[in-house]
Amino acid sequence: MPEAPAMHIDKGLDNTIIGESRKSFIDGQAGVLEYVGIDIDELARNSTFEEVVFLLWNDRLPTSSELESFEAELRLEYPLSQGVIEMIKGIPHEASPMHVLRTVVSGLALEDEECNDQSFESERRKAVRVLSKTPAIIAAFDRCRRGLEIVDPDPNLNIATNFLWMLNGEVPGEASARAIDVCLILHADHGINASTFAAMVTIATQSDMYSALTSAVGTLRGPLHGGANERVMNMLQSIGDLDDVEPFVMDSLKNKTKIMGFGHRVYKALDPRAKYLKTFAERIAEETGNTDLYVLSTRIQDIMDREVGAKGIYPNVDFYSATTYFSLGLAIDLFTPVFAMSRNAGWAAHSLEQHQDNRLIRPRCQYTGDHAVEYVPINER
Ligand code: ACO
């Protein structure tokens, strides 16, 4: 019998490298994030979400004609079928949009004829479908619950502009559309975060892309992960006044209550996405006249820097994205779905990478229970 390899416990997998990837690089000490070797800041300044998706799925930037045909492929998949629209209309209006998204992404599989085709090309096409339809799912549900007609996607618009068009029924201004586009770029991938890992575990069983992306949506919604952006906004609204910030933060720290939007498992320096989003949040706040929340946020950051900066607790991506989305008029419970809209790119990129070089992901745990316990028949217990 072969000798059992040495094992060690790594609760939370903080110190476990689960494999190799070409998608994103994070230096948590220096505060660096690169997609396929390109600095996030550079992409946020110069790129578009569609180009970033191509980059993550192909490990290189597209030529103009490649980008054009990729955009055309995505746009063909924008519309929802009548069946999916009826599914959305049947959902109770009080439902949380993340539960809705998880359910409808899963539902897309039901009408896909190649649902059980496990080839790489088929899984890629499924990823295109989910990524392209997610904005329409979010917008359709939001309009239904507001008692408004669903707005059909416009194939002439990019993903960011189209999302705002379907949500509000009017073509957004360039600044708002670009703001969403940049947020989509900044959230598109982030190594083996919890939701990406969930997607990889699922695809690694030779399940399918719909199942992988459904697992990921469910994992993203937790407040320790993508759900934090909504909690940030609830927190800002509950503080209300600038003078209340200091006691709020100090009490939270004293009681060991986490300040939402701060801290990160990997970053012990400022999250580079937060750095970019802070500037962005300030600009949009000024443009839209929503400066109160921005000022409140910076006050929280100042106090947190003073109190726990030395411990490596800084704002993460969720902190300033919350104020940005709020200034853009998005309902608070749509913040995490917008994150999912973007992270579809990374979930699919890592799932496709896993698919190409697969090994079942199956860790173990240290059993701490009893042994040789007697089975007692039910009527004798
Ligand atoms: N506010 C106050 N203190 C914090 C915070 C915070 N947001 N985050 C970490 N700490 C403190 C902890 O109290 C702990 O202190 P101690 O050593 O004195 O006990 C120390 O920092 C380590 O914290 P852990 O929770 O063990 O660190 P971990 O790596 O598990 O946590 C996490 C990372 C979950 C993101 C955490 O920082 C947190 O809960 N933040 C708030 C929620 C949040 O913003 N989540 C979004 C993360 S980004 C994303 O997923 C997209």
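Definitions and cut-offs
- Residues numbered from 1 in each chain as written.
- Predicted model: local features only at pLDDT ≥ 70, side-chain atom pairs only at ≥ 80, totals over all residues.
- Heavy atoms only, no water.
- Axes fitted to C-alpha atoms, helices over the stretch in contact; angles between N-to-C directions.
- Helix = DSSP H or I, 4+ residues; strand = E, 2+ residues; numbered from the N terminus.
- Parallel < 35°, antiparallel > 145°, perpendicular 65-115°, else oblique.
- Left-handed = near helix turned anticlockwise from the far one by under 90°.
- Contact = heavy atoms within 4.5 Å.
- Domains from an automatic or database assignment.
- Salt bridge = Lys/Arg side-chain N within 4 Å of Asp/Glu carboxyl O.
- Polar contact = N/O pair within 3.5 Å; in protein donor to acceptor, adjacent residues only side chain to side chain.
- Buried < 20%, exposed > 50% of the residue type's maximum accessible area, 1.4 Å probe, protein only.
- Pairing = 2+ DSSP bridges.
- Patch = residues over 30% accessible without salt bridge, like charges linked within 9 Å, V, L, I, M, F, W, Y side chains within 5 Å.
- Areas by Shrake-Rupley, 256 points an atom, 1.4 Å probe, with all protein chains shown as cover.
- Near = heavy atom within 4 Å.
- Nonpolar A, V, L, I, M, F, W, Y, C, P; charged D, E, K, R; others polar.
- Core = buried A, V, L, I, M, F, W, Y, C linked by side-chain atoms within 4.5 Å.
- Expected span 1.5 Å × (residues − 1).

Student: Can you help me understand the packing of helix α9 (residues 194-204) against helix α10 (residues 209-220) in this one?
Tutor: Packed helices, taken two at a time, are described by the angle their axes make and the gap between the axes. Direction vectors running N to C along α9 and α10 enclose 150°, while the axes themselves pass 8 Å from each other. With respect to each other, α9 and α10 are oriented roughly antiparallel. Our pair here, α9 against α10, has a crossing hand that is right-handed. Here Ala-194, Ser-195, Ala-198, Ala-199, Thr-202 and Ile-203 of α9 lie close against α10, whose contacting residues are Met-209, Ser-211, Ala-212, Ser-215, Ala-216, Thr-219 and Leu-220.

Student: Honestly, the domain arrangement of the protein chain in this entry has me stumped. Any pointers?
Tutor: It is common to give the size of an interface as the accessible area lost on bringing the parts into contact. By the assigned domains, the protein chain splits into domain 1 (24-223 + 337-356) and domain 2 (228-327). Between the C-alpha centres of domain 1 and domain 2 the distance comes to 26 Å. Each partner contributes to the interface: domain 1 provides 27 residues, whereas domain 2 provides 23 residues. Counting every contact that joins domain 1 to domain 2 gives zero salt bridges. At the surface where domain 1 touches domain 2, the tally comes to four residue pairs in polar contact (both at pLDDT 80 or more). Within the residue set of the side of domain 1 that touches domain 2, elements represented by two or more residues are β1 (24-27), β2 (32-35), α1 (40-46), α8 (174-187) and α16 (335-356). If one sorts the elements of the side of domain 1 that touches domain 2 by residue count, α8 sits on top with eight residues.

Student: Got a minute to help me understand the pairing of β2 in this structure?
Tutor: Within a regular strand, the side chains alternate between the two sheet faces. Burial of β2 is one-sided: the residues Leu-33 and Tyr-35 facing one way are buried, the residues Val-32 and Glu-34 facing the other way are not. Direction of pairing for β1 relative to β2: antiparallel, over a ladder of four bridges. Paired with Ser-24 across the bridge in β2 is Tyr-35. Hairpin connection between β1 and β2: a loop of four residues separates the two successive antiparallel strands, and Gly-31 in this loop has a positive phi of roughly 70°. Taken together, β2 and the strand that follows it, strand β3 (residues 38-39), pair antiparallel across an intervening segment of two residues, in which Val-36 is found at a positive phi of about 45°.

Student: Even after reading the chapter, I still don't get helix α2 (residues 49-58), so can you show me in this structure?
Tutor: Two residues of an α-helix separated by three or four positions point the same way, owing to the 3.6 residues in each turn. In terms of burial, α2 is largely enclosed, as nine of its ten residues are buried. When α2 is considered as a whole, its buried residues turn out to be Phe-49, Glu-50, Glu-51, Val-52, Val-53, Phe-54, Leu-55, Leu-56 and Trp-57. One or two steps after α2, the chain reaches Asp-59, where phi turns positive at roughly 60°.

Student: How should I be thinking about a nonpolar patch on the surface in this particular structure?
Tutor: Judged by side-chain polarity, Leu-13, Ile-18 and Ile-192 come together as a nonpolar surface patch covering roughly 230 Å² of accessible area. If you trace the backbone, Ile-192 turns up in the loop between α8 and α9.

Student: Which parts of the structure should I look at to understand the site of the ligand?
Tutor: In the vicinity of the ligand, 21 residues are found, and the nearest of them are His-225, Lys-256, Ile-259, Phe-262 and Arg-265. Note that an oxygen atom of the ligand is positioned 2.9 Å from one of the backbone N or O atoms of Gly-261. Burial of the ligand by the surrounding chains reaches 73%, relative to a free accessible area of 920 Å². Looking at the shell around the ligand, its residues break down into eleven nonpolar, five polar and five charged.

Student: Help me understand the sheet that holds β2 in this model?
Tutor: Across a sheet, paired strands are connected by hydrogen bonds in the backbone, their directions being either parallel or antiparallel. Read from one edge to the other, the open sheet built from three strands follows the order β1-β2-β3, with strand pairing classed as antiparallel. This sheet does not close on itself; its edge strands, each paired only once, are β1 and β3.

Student: When you look at the nonpolar core in this model, what are you seeing that I'm missing?
Tutor: Most often, soluble globular proteins have nonpolar side chains that are buried together. Counting residues in hydrophobic clusters, the biggest one holds 107 residues, and the most contacted among them are Tyr-35, Phe-49, Trp-57, Ile-88, Ile-300 and Leu-330. Domain assignment of the residues forming this core places at least three in each of domain 1 (24-223 + 337-356) and domain 2 (228-327).

Student: Help me out: how do you make sense of the side chain of Asp-112 in this one?
Tutor: Its place among the elements puts Asp-112 in the loop between α5 (97-108) and α6 (120-145). With a relative accessible area of 11%, Asp-112 lands in the buried category. From its side chain, Asp-112 meets the backbone nitrogen of Glu-114 in a polar contact 2.9 Å long. Among the polar contacts listed, one links the side chain of Asp-112 to the side chain of Arg-129, at a separation of 2.5 Å. If sequence neighbours within four positions are ignored, Asp-112 has contacts with Lys-126, Arg-129 and Tyr-210.

Student: Can you walk me through helix α13 (residues 272-288) in this structure?
Tutor: Look at α13: 24 Å from first C-alpha to last across 17 residues, which is about the 24 Å you get at 1.5 Å a residue. Residues of α13 that are buried sit in contact with β2, α1, α8, α14 (291-308), α15 (317-327) and α16. Taken from the residues just after α13, Gly-289 is the one with a positive phi, measuring 75°.

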